[in-house]
Amino acid sequence: MAQLIGSKGLKGRQKAAALLIALGPDVSAEVLKHFKESEIETLTFEIFQLEKVTEETKGQVLEECYHMAVARDFITSGGADYAREMLVKALGKEKAQEVIERMAASRRPQRFSFARDSDPSQLAQFIGSEHPQTIALILAHLQAAQAAQTMAHLAPDVRSEVALRIATMDRTPPEVVEQVEEVLKRKLSSVISRDFTSVGGTQYLVSVLTSVDRGTEKQILEYLDGANSELAAEVRKLMFVFDDLVRLDDRSLQRVLREVDSKDLSLAMRGTSEELQERIFRNQSTRAAQALKEEMEIGGPVRLRQVEEAQQRIVNIVRRLEDAEEIVVQRGGEDVLV
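Residues numbered from 1 in each chain as written. Predicted model: local features only at pLDDT ≥ 70, side-chain atom pairs only at ≥ 80, totals over all residues. Heavy atoms only, no water.

1. A word on the overall build of the chain
Right, so step 1: Across its full length, the chain holds 18 helices and four strands.
Right, so step 2: Scored against the burial criterion, the 338 residues of the chain give a buried share of 39%.
Right, so step 3: Within the chain, contacts between residues separated by at least 24 positions form 75% of all contacts whose residues are at least 6 apart in sequence.
Right, so step 4: Total accessible area on the chain stands at roughly 19,600 Å², and carbon and sulfur atoms take up 50% of it. (Helix = DSSP H or I, 4+ residues; strand = E, 2+ residues; numbered from the N terminus. Buried < 20%, exposed > 50% of the residue type's maximum accessible area, 1.4 Å probe, protein only. Contact = heavy atoms within 4.5 Å. Areas by Shrake-Rupley, 256 points an atom, 1.4 Å probe, with all protein chains shown as cover.)

2. A look at the side chain of S160
Right, so step 1: Residue position: S160 is located in helix α9 (residues 156–167).
Right, so step 2: By relative accessible area, S160 is classed as buried at 1%.
Right, so step 3: Those residues within four positions of S160 in sequence are excluded, and the remaining contacts are Q219 and Y223.

3. Quick look at the pattern of salt bridges
Right, so step 1: Taken as a whole and assessed by the stated rule, the structure comprises nine salt bridges.
Right, so step 2: Across the pair R255 and E326 runs a salt bridge, and its minimum N-O distance is 2.7 Å. Of this pair, R255 sits in helix α14 (residues 250–259) while E326 sits in the segment after α18 (304–323), and the two are 71 residues apart along the sequence.
Right, so step 3: Overall, R255 belongs to the buried group, its relative accessible area being 16%.
Right, so step 4: Between E322 and R319 there is a salt bridge, and its shortest N-O distance comes to 3.8 Å. You can see E322 and its partner R319 sitting in helix α18, three residues apart, about one turn around the helix.
Right, so step 5: When its relative accessible area of 10% is taken as the criterion, R319 is described as buried.
Right, so step 6: Where salt bridges share partners, they join R255, E259, R320 and E326 into one cluster. (Salt bridge = Lys/Arg side-chain N within 4 Å of Asp/Glu carboxyl O.)

4. Comments concerning the environment of V302
Right, so step 1: By the secondary structure assignment, V302 is in the loop between α17 (286–298) and α18.
Right, so step 2: The spatial distance from the C-alpha of V302 to the C-alpha of L267 is 8.2 Å, given a sequence separation of 35 residues.
Right, so step 3: V302 has contacts with L267, R270 and V307, leaving out every residue within four places of it along the chain.

5. Here's the deal with the nonpolar core
Right, so step 1: Core analysis: the largest hydrophobic core is formed by 37 residues, its most contacted members being L139, V162, I166, L205, L209, L224 and V235.
Right, so step 2: Where this core is concerned, the elements lending two or more residues are α6 (120–127), α7 (132–139), α8 (144–152), α9, α10 (174–185), α11 (202–209), α12 (214–227) and α13 (229–239).
Right, so step 3: The biggest single contributor to this core is α9, with six residues.
Right, so step 4: Leaving out residues up to four positions away in the same chain, V235 has contacts with T202, L205, V206, L209, L221 and L224.
Right, so step 5: Judged by nonpolar contacts, the second largest core, of 25 residues, contains F242, L245, V260 and A310. (Core = buried A, V, L, I, M, F, W, Y, C linked by side-chain atoms within 4.5 Å.)

As structure tokens, then:
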């Protein structure tokens, strides 16, 4: 489904897609001729997702592209110091620093970039017999969606151990990363860098688990329950937050609301988006919606902790109903219901 994207939130491929949209079909067609087929497919998908782009966003990405081009010209003409001086004169100190930092990030080698064009099933075959820590290191350098698809092709006992190691991963010495890259590059490609890498962690595992199918997610969480119950609880807490109620279909949302205490709901809705509030009001009876609005209006100040606790109690209801297969929470790797 196409997204309406404003001036904030664009990253990586989304920004490249927005730039192509801003350039128009004729210029974009010429630009795409210089990309590999796999890259063209990726950008085409992103363009489809960004079918509606605001004029503000178009102007923003065009301006950023222009600044990057100017910066490269300055570097070619006189090196980094000259580029910095000219950019400060042209854009001001703060803007110049932003451009220089973006250029540095774009030139920084990406670890395991050679693996990002690999088919997940083939990649799983290549790395499936490696030590779980090695597999975790490789997957933690991939996009969450690709890591999820690759993990789904691993043996159940292997992916459970890999999931645990991803969640508990912190910083990896460069010599270890290089050694793993050397082994893998002989099969796929090569890219070597020497900075310490900070990857993985609980939040990354959550990103992976929200992209896999429900069966894989459940199997991994059950394993984490036994291996590290505190970590499993933290992962569950992060996987579905109160604002994600907007992702539920109307029937599922109505089922959840039947289980929720009205006081919890009035507390939980404080500070939430208008979109979510409207969805909740629309899926209640007229009388219940009016009562909820009145309770929210007359309620006095409350502590943020009380709001968060009420939201978590509702999230727990969502998880319980999903486990009982009474509601559907759409996630990656599952067919859309029709």
